[in-house]
Amino acid sequence: MTQSTVAVVRTGTANLASVAVALRRRGVEHRFADSPRDILDAPALVLPGVGAFKAAMDELDARGFSAALRERVAAGAPTLAICLGLQLFARSSEESPGAEGLGAVPGAVRRLEGDVRIPQLGWNLVEPDPGCGLVEAGHAYYANSYALRERPDGWSAAWTTHGVRFVAALERGPVLACQFHPELSGPWGAALLARWLAQAGVAC
Amino acid sequence: MLTRRIIPCLDVRDGRIVKGVRFQNLRDAGDPAERAAAYEAQGADELVVLDVSATPEGRRTRYDTVRAVRGALSIPLTVGGGVRSDDDAGRLLEAGADKVGVNTAAVVDPSLIGRIATRFGSQCAILALDAAAAGPGRWEVVVESGKKRTGIDALEWARRAADLGAGEILLTSWDRDGTRSGYDTELLAAISAAVRVPVIASGGAATPDHLLEALRAGADAVLAASIFHDGEYTVADLKRQLASNGVTVRP
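### Details of the overall build of chain A
In step 1: Scanning chain A from terminus to terminus reveals 6 helices and 12 strands.
In step 2: Expressed as lengths along the three principal axes of its C-alpha atoms, the size of chain A is roughly 50 × 35 × 30 Å.
In step 3: Across the 204 residues in chain A, those meeting the buried criterion constitute 54%.
In step 4: When contacts within chain A are restricted to residue pairs at least 6 apart in sequence, long-range pairs at least 24 apart make up 67% of them.

### A closer look at the overall build of chain B
In step 1: The helix and strand inventory of chain B stands at 11 helices and 12 strands.
In step 2: Relative to the compact-globule value of 18 Å for 251 residues, chain B shows a C-alpha radius of gyration of 16 Å, a close match.
In step 3: Its C-alpha atoms give chain B principal-axis dimensions of roughly 45 × 40 × 40 Å.
In step 4: By residue count, 55% of the 251 residues in chain B fall in the buried class.

### Some points on the confidence of the model for chain B
In step 1: In this model, chain B carries a mean pLDDT of 93, and residues with pLDDT of at least 70 account for 96%.
In step 2: Confidence metrics for the complex model read pTM 0.95 and ipTM 0.95.

### Concerning the packing of helix α9 (residues 208–216) of chain B against helix α11 (residues 235–244) of chain B
All names here are of chain B.
In step 1: Put simply, α9 and α11 touch, their axes get as near as 10 Å, and they point 55° apart. Regarding the angle of α9 to α11, the classification is oblique. α9 and α11 meet at a crossing whose hand is right-handed. Across the interface between the two elements, Pro-208, Leu-211 and Leu-212 from α9 touch Leu-238, Gln-241 and Leu-242 from α11.
In step 2: Looking at the contact of α9 with α11 residue by residue, the class counts come to 5 nonpolar, 1 polar and no charged.

### Some words on the interface of chain A and chain B
In step 1: Facing the 26 residues of chain A at the interface are 30 residues of chain B.
In step 2: Elements with a minimum of two residues in the side of chain A that touches chain B: α1 (17–25), β7 (120–128), β8 (138–144), β10 (156–162) and α6 (186–199) of chain A.
In step 3: Per element, the largest residue contribution to the side of chain A that touches chain B is 5 residues, and it comes from β7 of chain A.
In step 4: When the residues that make up the side of chain A that touches chain B are grouped by side-chain class, the tally is 13 nonpolar, 12 polar and 1 charged.

### What to know about the sheet that holds strand β2 (residues 29–32) of chain A
Residues and elements named next belong to chain A.
In step 1: The mixed open sheet is built from 9 strands, whose spatial order is β2-β1-β3-β4-β12-β11-β10-β7-β8. The sheet is open, and its two borders are formed by β2 and β8, each paired with just one other strand. Taking the axes of each pair of neighbouring strands and ignoring which way they run, one obtains an average angle of 30° across the sheet.
In step 2: One ladder, built from 2 bridges, connects β7 with β10; its direction is antiparallel. Residue Pro-128 lies in a different strand from β10, and its bridge partner there is Ala-158.
In step 3: In the packing of α6 onto the sheet, contacts are made with β4 (79–82), β8 and β12 (175–178), and the angle to β8 comes to roughly 90°.

### A closer look at the packing of helix α1 (residues 32–42) of chain B against helix α3 (residues 62–72) of chain B
Helix-helix packing: each pair is described by the crossing angle between the helix axes and the interaxial distance.
Residues and elements named next belong to chain B.
In step 1: Between α1 and α3, whose axes approach to 8 Å, the crossing angle comes to 30°. Between α1 and α3, the crossing angle belongs to the class labelled roughly parallel. Remark: the crossing between α1 and α3 carries right-handed chirality. Where α1 abuts α3, its residues Pro-32, Ala-33, Ala-36 and Ala-37 lie against Thr-65, Ala-68, Val-69, Gly-71 and Ala-72.
In step 2: Classifying every residue of the contact of α1 with α3 gives 7 nonpolar, 2 polar and no charged.

### Thoughts on the nonpolar core
In step 1: Within the largest apolar cluster, 161 residues are counted, with the highest numbers of intra-cluster contacts made by Val-100, Ile-169 and Val-222 of chain B.
In step 2: Element by element, the count of residues in this core is highest for strand β7 (residues 125–133) of chain B, at 7 residues.

### Quick look at the sheet that holds strand β9 (residues 146–148) of chain A
Each strand in a sheet pairs with another by means of backbone hydrogen bonds, the pair being arranged parallel or else antiparallel.
In step 1: Overall, mixed pairing links the 3 strands, which are arranged β5-β6-β9 (chain A) in an open sheet. Of all strands in the sheet, those bounded by a partner on one side alone are β5 (92–93) and β9 of chain A.

### A closer look at the pairing of strand β9 (residues 148–153) of chain B
Residues and elements named next belong to chain B.
In step 1: When strand β8 (residues 139–143) meets β9, the two strands line up antiparallel, connected through 3 bridges. If you follow Glu-140 over to β9, its bridge partner there is Asp-153.
In step 2: Where β8 hands over to β9, the hairpin turn is made up of 4 residues, of which Glu-144 adopts a positive phi near 55°.

### Thoughts on the environment of Trp-159 of chain A
Residue and element names in this part refer to chain A.
In step 1: Within the secondary structure, Trp-159 sits in strand β10.
In step 2: We classify Trp-159 as partly exposed; it has 17 C-beta atoms within 10 Å.
In step 3: Discounting chain neighbours no more than four positions away, the residues touching Trp-159 are Glu-127, Arg-165, Val-167 and Ala-168.

### So, the pairing of strand β10 (residues 168–173) of chain B
Residues and elements named next belong to chain B.
In step 1: In terms of burial, β10 is a largely internal element, 6 of the 6 residues being buried.
In step 2: As judged from the 6 bridges shared by β7 and β10, these two strands associate in the parallel manner. In the strand pairing of β10, Ile-126 is matched with Glu-168.

Reading guide: rules and limits
- Residues numbered from 1 in each chain as written.
- Chains lettered and ligands numbered in written order.
- Predicted model: local features only at pLDDT ≥ 70, side-chain atom pairs only at ≥ 80, totals over all residues.
- Helix = DSSP H or I, 4+ residues; strand = E, 2+ residues; numbered from the N terminus.
- Buried ≥ 20, exposed ≤ 12 C-beta atoms within 10 Å, placed from the backbone.
- Contact = placed C-beta atoms within 7 Å.
- Rg over C-alpha atoms; globule rule 2.2 N^0.38 Å.
- pLDDT = per-residue confidence, 0-100.
- Axes fitted to C-alpha atoms, helices over the stretch in contact; angles between N-to-C directions.
- Parallel < 35°, antiparallel > 145°, perpendicular 65-115°, else oblique.
- Left-handed = near helix turned anticlockwise from the far one by under 90°.
- Nonpolar A, V, L, I, M, F, W, Y, C, P; charged D, E, K, R; others polar.
- Pairing = 2+ DSSP bridges.
- Core = buried A, V, L, I, M, F, W, Y, C linked by C-beta atoms within 7 Å.

Laid out in structure tokens, this is it:
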């Protein structure tokens, strides 16, 4: 049996226990990516993230990870970005004016608005466009005040609505970015994680 | 559309679930990880673990409890009770909590909320607000597991905590907690109107109608303990009842 391992990018403050537990349930262990080389070479990589846009980007920049992540996503290497991880793909965010994102996709992350509670905390729909291969329709757990509202060219998107309609997930081959938390989304999230791991050739 | 959440709560002391009225006369109600897994299977949207250990030894076991519960769950986990610093919050997050509730320590030092929000994000920083009636349309904050009244206006404190970065308010009615007489809907309506962050109703639930009343009063989520522990209702029972009354819940 081959050792199934996924590299995880530590963005400093991200809560990784739930991600680690969800991976372990699929028979996959995680280790932390500790160099730009590691980010480029890992067979499968998870970019989790909670906290603020600028703090996470500062950390990625300081460790020389940003360019490696951009290159990895551009090359289509198996990557799973979660929550703030998806937002870091964008060029900028209203959360941290002036801070530069990875720019793996065009567009800016904007604050949620409308007659709704913010942050959005709880289970909301995921509605995939027909082009999605990994994301299926269902309910997922979200914890966000900001979101990307446009689908970038070349990506398939899933959608949800909280005050405004926004991107619930983006996918392009084995690159999957989720605004929701698959690791906290019960059996539906576990099944999505399993499909991504299978596509990444890691397990299952 | 965002669904309304049903959140079972486990009051844990020295690694075991306990229950009682107003935190008094505690009796054993089972193993936290086992109950957590059962509630997830019933359709719980989230789980709260409140550590009510009275001793430092008891409190040290809570990290093991959190790890065990996290290992049994694939839904969000909030942990509260005795959180005194952002380092405490960090240790709970590392052990497997997704959100951390602060109560007494935040009243003593409100900047704690901002420190947790800055380090871990607002969605991690939950204000546990225990309120007791202090006159018509007025409630005051109570701390130290209800032993101490502070004289602080509950609405003002809710607003201030949200400004400081609290991403959610877990609102417990001290007058209703453990009484099975229903949530304090007047308190819920007042706090929900005072802040923009989500509000979780807690204290007093005994019937599906109580949950419905709380959601109609403005709560985004309803928390309950004994009705689940006693097996009176499953989460699925309650969701069916709420759905048949027009409440959007996760199937």
